[in-house]
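Chain residues, written in single-letter form:
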Amino acid sequence: MILTKHLPCFLLYLAGARGGGMGETSTTAWASFNTHDVTLEGHQRHNTTVSLIISGTLKECLNVSFTYDPEHPSIEPLDGFPVCPPLLMANCDFPGHRLAPGRGPDNDLRLTNLPAHSTLQDPLRMRSSRTHLWVLLRGYLREEKRQARSPSLRQEPDTVVVNVTLCSRWVGKTVLALEADGPELDVSDAFIRVSVLHYPGLQVLSEVLGWTYTIIWDVSFLPQMWLNWRRKSVEGLSMDNVVLNLVAFMYYMFFNVGLYAIPLLQGQFSERYPREVNHVRLNDVVFAAYAFGTELLLALQCVLYKRGAGQAVSWPCRALVTAALGAVATTCVLAGLGVVWWLDVFYLMSYLKLGLTPLKYTPQAYVNYKRKSTIGFSIASVLMDLAGGVLSLAQMFILAANIDDWVSIFTDFSKFGLGVISIIFDLIFLSQHYYYHYHLGFLEHRSSSPLNAEDSG
């Protein structure tokens, strides 16, 4: 008799639990996790708890389940659960998750777990897939209110919080997502990227290496500027290298500032890559702006200080810069007309930066070869650039080894490519410096010595 008033709602729940529905409806409820990234340890059965937040209203019961990418996840599989109007849920402990109680509009309708030691007489029961007893009843608020005060649960009107426990199985990466059997519940934002690591200490080491190579690359701009200032001359420095560097870092700065600070671009990124993270951070913006500023000062030195005969920007470099600027200008027009997204414009800038990187080194290598000297070109900058490139690749390999995901090295092709290219050209510059200043210098000194002159006579 206690359930007569709410029997229709309970029958609706039974229909939803069997996958029944009322037809296509628009989205009225939304689900999301409180985080999109979780890290666990693989050597122990490490676990952590995240919160799944479901808010809004429902007109019918829905079954919610978890999906995994790849199909064999690195975490323990989780059980699904039903969601019913008005967001009524089970308050019971399942392996893998804990469900918080829902709240009805009249504050007296609950779907809650019945403890085995309950003294309620003849409750209306049904059995779940894990043999837990559930009841739908009016009243029975004392135990529920006590649970609602628990700090691990959070409850608001038309909102349910599900505490999900993630437990590691083996080392690897898994994307955990939510799936509902009806269109009313939007689960597009309900996903977590789970990384199960060999050793958390390697993750700390990778962070240290990341900041170390960033600082080294920051400092590597300064020796060349100091050398120019001390000599009051830029002889030995390739003008093409300076111009291409300036354009490349300008585009790199625009790209980082755009994805970090412009909501329009952030929204387009989320729409195009709903389960990807925008990895641009404040330190990326600061580095790009710093690099562009130093290259701008270096270009100013090239205008003010003494230059050698014929030391100017070549016509291939002018043509290349014109093409790069024209490509971005054309894409801006297309974005303004709605043909492409503005996100495409900024990604084009990042691709141009990557493409200009190997080209900016080539003119300097040619100038060194033509002059048979590296005088005027700071070898200290080369050493720092080489150290930064090595540490950058070392960080990538440590991260890949720690998660047994070697393919990830090549998925971040921009970082991998920039590191390899910088190392190759830095080794070329060092070889030129050694050959021209030590080998040829030794031969010149030997040929000009009196003893060699007598021997040749």
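Residue numbering note: each chain is counted from 1, following its sequence as written. Whole-chain, interface and lining totals are the exception, using all residues; otherwise, since this is a predicted model, local features are given only for residues with pLDDT of at least 70 and side-chain atom pairs are given and counted only at 80 or more. The basis for the side-chain values is all heavy atoms of the structure; hydrogens and waters are excluded.

Participant: Teacher, can you tell me more about the overall build of the protein here?
Facilitator: The secondary structure content of the protein amounts to 13 helices and 15 strands. Any two residues having at least one pair of non-hydrogen atoms within 4.5 Å are treated as being in contact. At a minimum sequence separation of 6, the contacts of the protein that also span at least 24 residues come to 76%. Under the convention used here, a 1.4 Å probe and the Shrake-Rupley method define accessible areas, while residue burial counts only the protein chains that appear. For the protein, the exposed area adds up to about 24,000 Å²; of that, 62% sits on carbon and sulfur atoms. Helical segments are the DSSP runs of H or I of at least four residues, strand segments are the runs of E of at least two, and each set is numbered from the N terminus.

Participant: Could you clarify how one ought to interpret helix H3 (residues 200–219) in this entry?
Facilitator: At 3.6 residues per turn, the α-helix brings residues three or four places apart onto the same side. In this scheme, a helix's expected span is set at 1.5 Å multiplied by one less than its residue total. Its 20 residues place the ends of H3 29 Å apart at the C-alpha level, agreeing with the 28 Å of an ideal helix rising 1.5 Å per residue. Throughout this description, buried means an accessible area under 20% of the type-specific maximum (1.4 Å probe, protein chains only), exposed means over 50%, and partly exposed covers the range between. All of the buried residues in H3 are Ser 206, Leu 209, Gly 210, Tyr 213, Thr 214 and Trp 217. For H3, the angular spread of the buried residues around the axis is 130°, confining them to a single face. Arc definition: directions from the helix axis to the C-beta atoms.

Participant: Help me out: how do you make sense of the pattern of salt bridges in this one?
Facilitator: Here, a salt bridge means any Lys or Arg side-chain nitrogen found within 4 Å of an Asp or Glu carboxyl oxygen. Taken as a whole, this structure holds four salt bridges when the rule is applied. A salt bridge links Arg 193 to Asp 37; the nearest nitrogen and oxygen atoms lie 3.1 Å apart. In this pair, Arg 193 is assigned in strand S15 (residues 191–197) and Asp 37 in strand S2 (residues 37–41), connecting sequence segments 156 residues apart. Ionic pairing is found between Asp 344 and Arg 272, a salt bridge with its closest N-O pair at 2.6 Å.

Participant: What am I meant to see in the environment of Val 285 here?
Facilitator: Checked against the element boundaries, Val 285 lands in helix H7 (residues 282–304). Val 285 sits in the buried class, given a relative accessible area of 14%. Along the backbone, Val 285 and Tyr 252 are 33 residues apart, and their C-alpha atoms lie at a distance of 8.9 Å. Those residues in contact with Val 285, other than ones at most four positions away along the chain, are Asn 256, Val 257, Tyr 260 and Val 280.

Participant: When you look at the confidence of the model for the protein in this model, what are you seeing that I'm missing?
Facilitator: Low pLDDT means the predicted atomic positions in that stretch should not be read closely. Confidence of the predictor at the level of single residues is given by pLDDT, which spans 0 to 100. Overall, the prediction assigns the protein a mean pLDDT of 75, with 74% of residues at 70 or greater. Scored below 50 in pLDDT, residues 88–157 makes 146 contacts in the model with residues more than four places away or belonging to other chains.

Participant: Help me understand the layout of surface pockets in this model?
Facilitator: Over the atoms, a rolled probe matching the size of one water molecule traces out where space is still vacant. Here the second largest pocket defines a volume of roughly 430 Å³. Grid points spaced at 1 Å over the protein atoms alone were grouped into cavities, where a 1.4 Å probe fits but cannot get out, and pockets, open sets with protein on both sides within 12 Å along at least five of seven lines, with lining residues defined by an atom within 4 Å of a point. Lining the second largest pocket are 17 residues, with Gly 310, Gln 311, Ala 312, Val 367 and Lys 370 positioned closest to its centre. Ranked by the residues each element gives to the lining of the second largest pocket, the list is headed by helix H9 (residues 342–371), at five residues. Each residue gets one of three labels, nonpolar for Ala, Val, Leu, Ile, Met, Phe, Trp, Tyr, Cys and Pro, charged for Asp, Glu, Lys and Arg, and polar for the others, Gly among them. Grouping the constituent residues of the lining of the second largest pocket by class yields seven nonpolar, six polar and four charged. Grid points are joined across faces, edges and corners, and a volume is the space filled by probe spheres set on the points.

Participant: When you look at the environment of Leu 202 in this model, what are you seeing that I'm missing?
Facilitator: One can find Leu 202 in helix H3. For Leu 202, a relative accessible area of 28% corresponds to the partly exposed category. Measuring from C-alpha to C-alpha, the distance between Leu 202 and Leu 399 comes to 7.5 Å, with 197 residues separating the pair along the chain. Here Leu 202 is in contact with Ile 398 and Asn 402, once residues within four sequence places are set aside.

Participant: How should H7 be read in this particular structure?
Facilitator: When the terminal C-alpha atoms of H7 are compared, their 33 Å separation across 23 residues agrees well with the 33 Å that a helix rising 1.5 Å per residue should span. Taken together, the buried positions of H7 are occupied by Val 285, Phe 287, Ala 288, Ala 291, Phe 292, Thr 294, Glu 295, Leu 298, Ala 299, Gln 301 and Cys 302. Buried residues belonging to H7 abut H3, helix H4 (222–231) and helix H5 (239–261).

Participant: What is the right way to read the sheet that holds strand S13 (residues 172–180) from this model?
Facilitator: Whenever strands of a sheet pair, they do so through backbone hydrogen bonds, lying parallel or antiparallel. Taken in spatial order, the five strands make up an open sheet running S2-S15-S13-S4-S5, and their pairing is mixed. Either end of the sheet is taken by a strand with one partner, and the two such strands are S2 and strand S5 (81–83). Neighbour-to-neighbour, the strand axes of the sheet open up by a mean angle of 30°, direction not taken into account. Across the sheet, helix H10 (residues 379–403) touches S13 and S15, and the angle it forms with S15 is around 90°. Pairs of strands are assigned from DSSP output, requiring at least two bridges between the strands. Interaxial angle, 0 to 180 degrees, is taken between N-to-C directions of lines fitted to C-alpha atoms, where a helix line uses only the stretch in contact.

Participant: In this structure, what is going on with the packing of aromatic side chains? I would like to understand it.
Facilitator: To describe a pair of aromatic rings, one takes the distance between the centres and the angle between the planes. Aromatic rings from Phe, Tyr and Trp, with only the six-membered ring used for Trp, were paired whenever their centres fell within 6.5 Å, and each pair was classed as stacked if the ring planes differed by under 30 degrees, edge-to-face if by over 60, and tilted otherwise. All told, the structure shown has 14 aromatic pairs when counted by the stated rule. Centroid distance Phe 377 to Phe 429: 5.1 Å. Interplanar angle 70°. Geometry classified as edge-to-face. With Phe 377 in the loop between H9 and H10 and Phe 429 in helix H12 (residues 413–448), the pair connects residues that are 52 residues apart, well separated along the chain. Across the pair, Phe 429 and Phe 377 agree in class, each one buried. An aromatic cluster of three or more residues is present, and its members are Phe 221, Phe 249, Tyr 252, Phe 287 and Tyr 290. A ring is scored as having a charge over it whenever the NZ atom of a lysine or the CZ atom of an arginine sits within 6 Å of its centre and within 35 degrees of its normal. Here the basic side chain of Lys 353 rests over the ring of Phe 249, its NZ or CZ set 4.9 Å away from the ring centre. Here the basic side chain of Lys 353 rests over the ring of Tyr 252, its NZ or CZ set 5.2 Å away from the ring centre.

Participant: Help me understand the packing of H5 against helix H8 (residues 315–336), please; the structure alone is not making it clear to me.
Facilitator: Working note: a packed helix pair is described by the angle between its axes plus the distance between those axes. Contact geometry for H5 and H8: axes closest at 10 Å, N-to-C directions at 10°. The orientation of H5 relative to H8 falls into the category roughly parallel. Taking contact as the criterion, the partners of Asp 240, Val 243, Leu 244, Val 247, Met 250 and Tyr 251 in H5 are, on H8, Cys 317, Leu 320, Val 321, Ala 324, Leu 325 and Val 328. Class assignment for the residues of the contact of H5 with H8 results in 11 nonpolar, no polar and one charged. With respect to orientation, any angle under 35 degrees is reported as roughly parallel, any angle over 145 as roughly antiparallel, any angle of 65 to 115 as roughly perpendicular, and every other angle as oblique.

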